[in-house]
Amino acid sequence: MAQLELNGLGKTYAGGVRAVRDIHAVVEDGEFVVLVGPSGCGKSTILRMIAGLETITEGELRIDGIRVNETEPGARDIAMVFQNYALYPHMSVRGNMEYGLRNEGRPRAEINQRIDEAARMLQLTALLDRQPRQLSGGQRQRVAMGRAIVRNPKVFLFDEPLSNLDAKLRTQLRAELKALHRKLGATFIYVTHDQVEAMSLADRIAILNGGEIQQLAAPLDIYRRPANRFVAEFIGNPAMNILEGHMSDDGWVLMDQGQPLLRLPSPIADRAGQPLAIGIRPEHLHPAPLGEGQQTHALASLQVKVDFTEHLGADCIVHARLENGATVALRLGGNARAIAADSPLSLCADPADLHLFDRQSGQRI
Amino acid sequence: MEKRVFFRDPVLPYLLVAPQIVITVVFFLWPSYQALESALYVEDAFGFSRQFVGLDNFRAIFADKVYLRAFGVTLVFGLSVTVLTMALSLGLAVAADRVLRASTAYRTFLIWPYAVAPAIAGVLWYFMMNPTIGIVAYWIEALSGTEWNHYVNGNQALILVIIAATWKQISYNFLFFLAGLQSIPRALVEAAAIDRAGPARRFWTIIFPLLAPTTFFLLVVNLVYAFFDTFSLIDATTNGGPANATSTLVVKVYQSGFVGQDYGASAAQSVVLMVIVMAMTVLQFRYIDRRVNY
């Protein structure tokens, strides 16, 4: 159980590539923090720096207030679950689980007791004498977790632990992982590229891009108030619709070909005439009856032509196209009837559901 | 998964394998047969006549003290070369694996000795260790005060050929060890580091066991090399002397046959060698799939 402090953490590789820069974060004791981002965003590098597998070139890492930049991985009191499980192939499941404890020089009785406990928790008791190659992917992943649990570390690190499993198993293990976190009450740091994992597991999510934290907040806060355009487009499936536009002098938000979208209740004076990116989630677009697409103060409206419809059972996603060629997606309920391709559609949205971003910086306005 | 190729022309497949079969027959099967046959005859030195003697040749060589001593020399030579080679090349490979990933120049230098022909390697060491003109012999005398003369001192001669053969074989072992090391997933070593294993413990509990298939393969290869493939090196360096101190079984075959002109004894000795090779091969195939594989 531990608090983790990242003070301006950064990593520049010998070749001069700056993979991670200026990471500031405090992970509280018992918190579940997920690092998520596209590949190459530096999320794994951050995790490996915390583990001590990668040297820290800038900033400071503190575990429970003690600087550990120069501490060997084994002495940091952490455990890590790897993407490919990294089970020792020449040792049995028991051998894998007791390896760390034996390196610590624990007495035999204590080792056995801890292994029994962890094995029971993860339903591994029957598998203790098997070799890793005799196990399925899901079982291997459990052993990897068991190996971490028996160590009883201050911090658990997970490096995309579910990405090698099939979809069904992933969902099941996700639930087990969440339950495990609750049971252990330990600090978890978890790296993934899967936004569903991030949203469902995390107490807080850190969204990374280009080696920098874009936003660090609770899942729903991120979904509801994305800090910038990158976060807005990264989280959510289908992705948030982004329309290019600008602000007129009298407080209207206009689309780029001049169609007024909505009038802001209180115009932002210093933005007059400036380019904007207007974001709206698919579930916040609603079809309006034809002919009612008049601009009002209350509703933003769009005229679109339907491209195609995807029926997903619980949901129905309609893909449509604006006059200027931009595409939008809207999410309708599972009972929605399919809309014929090329039919015109009038859409409206509550202005409160709109997200405005500065088009240059991408920051939320 | 079976992949079969079908030929429409019935002759073509035989033509394609013919070169290999011809080579095997001419350079392997036929000489082997000749050796087997000659081992049962006594031939005069000029090859005009021969006489069937059954197993007399074998009885003779196993009664010969010089030949029995060659067994001992071969054993000492073979085991020393194998152990030295593997220990040194594993050390080099571990060091290379650490610094490598970037610099291939280092690897290239370590591979070079393997490209040197055995006889040339022998001559090279012959000059370096020569008691009168050899630079290494001079260093040994200057540093330790021991007189180096492998023409007189049998133990020194044996040490010399062991060093030369080891030097020659290290590159080959190094390559395999390096490949073996690089095929061990880094995550395993990292996991062990997080599991509080220090560098030495990581090596002996994770890396070394995972190298077992490579190690066993090299063990057999090195024994075969030292027992049977070092003739030209020994012949060029010490010529089997002094007083047979470096006469291994292969050198002995050459000496009996081409120097002593005793073809029957020489053939009998090569049959003994054949049996040993076969035994080692069987051993390799029986065990390489089991035990060593995890």
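Structure first, text after, so check above.
Residues numbered from 1 in each chain as written. Chains lettered and ligands numbered in written order. Predicted model: local features only at pLDDT ≥ 70, side-chain atom pairs only at ≥ 80, totals over all residues. Heavy atoms only, no water.

Undergrad: I keep staring at the overall build of chain B and nothing clicks. Help me out?
TA: Assigned secondary structure in chain B consists of 13 helices and two strands. Summarising its shape, the C-alpha atoms of chain B cover approximately 75 × 75 × 30 Å along the three principal directions. Sequence separation of 24 or more characterises 67% of the internal contacts of chain B that already satisfy a separation of 6 or more. Surface exposure of chain B reaches about 16800 Å², of which carbon and sulfur atoms provide 68%. If you average the places of the 19 positive and of the 16 negative side-chain charges in chain B, the two averages end up 14 Å apart. (Helix = DSSP H or I, 4+ residues; strand = E, 2+ residues; numbered from the N terminus. Contact = heavy atoms within 4.5 Å. Areas by Shrake-Rupley, 256 points an atom, 1.4 Å probe, with all protein chains shown as cover. Lys, Arg positive; Asp, Glu negative; His and termini not counted. Charge placed at Lys NZ, Arg CZ, Asp CG, Glu CD.)

Undergrad: Would you mind showing me how to read the overall build of chain A here?
TA: For chain A, the count of helices and strands is eight helices and 20 strands. In terms of principal-axis extent, the alpha carbons of chain A reach across some 80 × 45 × 35 Å. Among the 365 residues that make up chain A, the fraction classed as buried is 50%. Restricting the contact set of chain A to residue pairs at least 6 apart, pairs at least 24 apart contribute 66%. Within the structure as shown, chain A displays about 16000 Å² of accessible surface, and the carbon and sulfur contribution to it stands at 49%. For chain A, the distance from the average position of its 40 positive side-chain charges to the average position of its 43 negative side-chain charges is 7 Å. (Buried < 20%, exposed > 50% of the residue type's maximum accessible area, 1.4 Å probe, protein only.)

Undergrad: Honestly, the layout of surface pockets in this entry has me stumped. Any pointers?
TA: To locate leftover empty space, one rolls a probe as large as a water molecule over the atoms. All names here are of chain B. Within this model, the largest pocket holds a volume of roughly 800 Å³. Every residue lining the largest pocket is counted, 28 residues in all, and those nearest its centre are Arg98, Arg186, Val189, Glu190 and Arg202. Secondary-structure elements contributing two or more residues to the lining of the largest pocket are helix 3 (65-99), helix 8 (186-194) and helix 9 (199-210). In terms of residue class, the lining of the largest pocket is built from 13 nonpolar, four polar and eleven charged. (1 Å grid on protein atoms, 1.4 Å probe; cavity = no way out; pocket = protein on both sides within 12 Å on 5 of 7 lines; lining within 4 Å. Points joined across faces, edges and corners; volume = space filled by probe spheres on them. Nonpolar A, V, L, I, M, F, W, Y, C, P; charged D, E, K, R; others polar.)

Undergrad: Mind showing me how you'd approach the sheet that holds strand 19 (residues 344-349) of chain A here?
TA: Strand pairing within a sheet occurs via backbone hydrogen bonds; the two strands may be parallel or antiparallel. Residues and elements named next belong to chain A. A sheet is described by the order of its strands in space; here five strands give the open sequence 15-19-16-17-18, paired in antiparallel fashion. Whereas interior strands pair on both sides, the edge strands pair on one side only; in this sheet they are strand 15 (286-288) and strand 18 (327-333). Across the sheet, the axes of successive neighbouring strands diverge by a mean angle of 50°, strand direction being ignored. Bridge analysis of strand 16 (residues 300-311) against strand 19 gives six bridges, and the strand direction is antiparallel. By the bridge assignment, Ala300 is partnered in strand 19 with Ala349. (Pairing = 2+ DSSP bridges. Axes fitted to C-alpha atoms, helices over the stretch in contact; angles between N-to-C directions.)

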